[in-house]
Amino acid sequence: MDIDLLFYDNRVVDSDRLTIPHPRIAERDFVLAPLEEVLPDYVHPVLKKTIRQLRRELLQAANPPGADGMKN
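Residues numbered from 1 in each chain as written. Predicted model: local features only at pLDDT ≥ 70, side-chain atom pairs only at ≥ 80, totals over all residues. Heavy atoms only, no water.

### Things to note about the environment of Asp16
What counts here: Put simply, DSSP H or I for four residues or longer makes a helix, DSSP E for two residues or longer makes a strand, and each gets a number counted from the N terminus.
As for its position among the elements, Asp16 is in the loop between strand 1 (13–14) and strand 2 (19–20). Taking the C-alpha atoms as reference, Asp16 lies 30 Å from Asp41; in sequence the two are 25 residues apart.

### What about the nonpolar core?
Selection criterion: The nonpolar core is taken to be a set of buried Ala, Val, Leu, Ile, Met, Phe, Trp, Tyr and Cys residues, with the residues joined through side-chain atoms within 4.5 Å. With a 1.4 Å probe rolled over the protein chains alone, any residue whose accessible area is under 20% of its type maximum counts as buried; one over 50% counts as exposed, and the rest are partly exposed.
The biggest cluster of nonpolar side chains holds 8 residues, and these are Phe7, Ile25, Val31, Leu32, Leu35, Tyr42, Ile51 and Leu54. Those elements that provide at least two residues to this core are helix 1 (29–38) and helix 2 (51–62). Looking at this core element by element, the count peaks at 3 residues for helix 1.

### Looking at a nonpolar patch on the surface
Quick reminder of the rule: The patches reported here contain residues having more than 30% relative accessible area and no salt bridge. Joining distances are 9 Å for like charges and 5 Å for nonpolar side chains (Val, Leu, Ile, Met, Phe, Trp, Tyr). Note on areas: Shrake-Rupley, 1.4 Å probe, and residue coverage restricted to the protein chains presented here. The salt bridge definition used is simple: a Lys or Arg side-chain nitrogen within 4 Å of an Asp or Glu carboxyl oxygen.
On the surface, a cluster of nonpolar side chains totalling about 490 Å² of accessible area is made up of Met1, Ile3, Leu5 and Leu18. Mapping Leu5 onto the fold places it in the segment before strand 1. Of the residues examined, Leu5 reaches a relative accessible area of 42% and is grouped as partly exposed.

### Topic: helix 1
Convention followed: Any two residues whose heavy atoms approach within 4.5 Å at even a single point are treated as in contact.
All of the buried residues along helix 1 are Val31, Leu32, Ala33, Leu35 and Glu36. For helix 1, the elements touching its buried residues are helix 2.

### Quick look at the packing of helix 1 against helix 2
Operational definition: Between N-to-C directions, angles cover 0 to 180 degrees, with each direction set by a line fitted to C-alpha atoms, over the stretch in contact for helices. In these notes the angle categories are as follows: under 35 degrees is roughly parallel, over 145 is roughly antiparallel, 65 to 115 is roughly perpendicular, and the rest is oblique. A clockwise turn of the near helix away from the far one marks a right-handed crossing, whereas an anticlockwise turn of less than a right angle marks a left-handed crossing. Any residue that is not Ala, Val, Leu, Ile, Met, Phe, Trp, Tyr, Cys, Pro, Asp, Glu, Lys or Arg is counted as polar, Gly included; the first ten are nonpolar and the last four charged.
Between helix 1 and helix 2, whose axes approach to 9 Å, the crossing angle comes to 140 degrees. Looking at the two axes, helix 1 sits oblique to helix 2. In this structure, the crossing between helix 1 and helix 2 has a hand that is left-handed. Across the interface between the two elements, Asp29, Leu32, Ala33, Leu35 and Glu36 of helix 1 pack against Ile51, Arg52, Leu54, Arg55, Arg56, Leu58 and Leu59 of helix 2. Considered class by class, the residues forming the contact of helix 1 with helix 2 number 7 nonpolar, no polar and 5 charged.

### Examining the pattern of salt bridges
Taken as a whole, this structure holds 5 salt bridges when the rule is applied. Taking the shortest distance from any N to any O, the salt bridge between Asp29 and Arg55 comes out at 2.5 Å. With Asp29 in helix 1 and Arg55 in helix 2, this residue pair connects regions lying 26 residues apart in the sequence. A salt bridge links Glu57 to Lys49; its shortest N-O distance comes to 2.9 Å. In this structure Glu57 comes out as partly exposed when scored by relative accessible area, which is 37%. On the basis of relative accessibility, which here comes to 29%, the residue Lys49 falls in the partly exposed class. A single network of salt bridges, built from pairs that share partners, joins Asp29, Glu36, Arg55 and Arg56.

Have a look at this one:
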């Protein structure tokens, strides 16, 4: 069984066995999308951005302006 701890309050833990917050949370929309529904204004304790901000940045990186061939 693999259990990913995303956050534990505002604690930051970086040891051989445990890293909190999860180091790749900002890269995973399947994590950010539901988190945004329940905690949109929660501030990531390391990145200092809200869940809403992290998700918007991820979505923008995946679909940059003009990527569809249309002019802005």
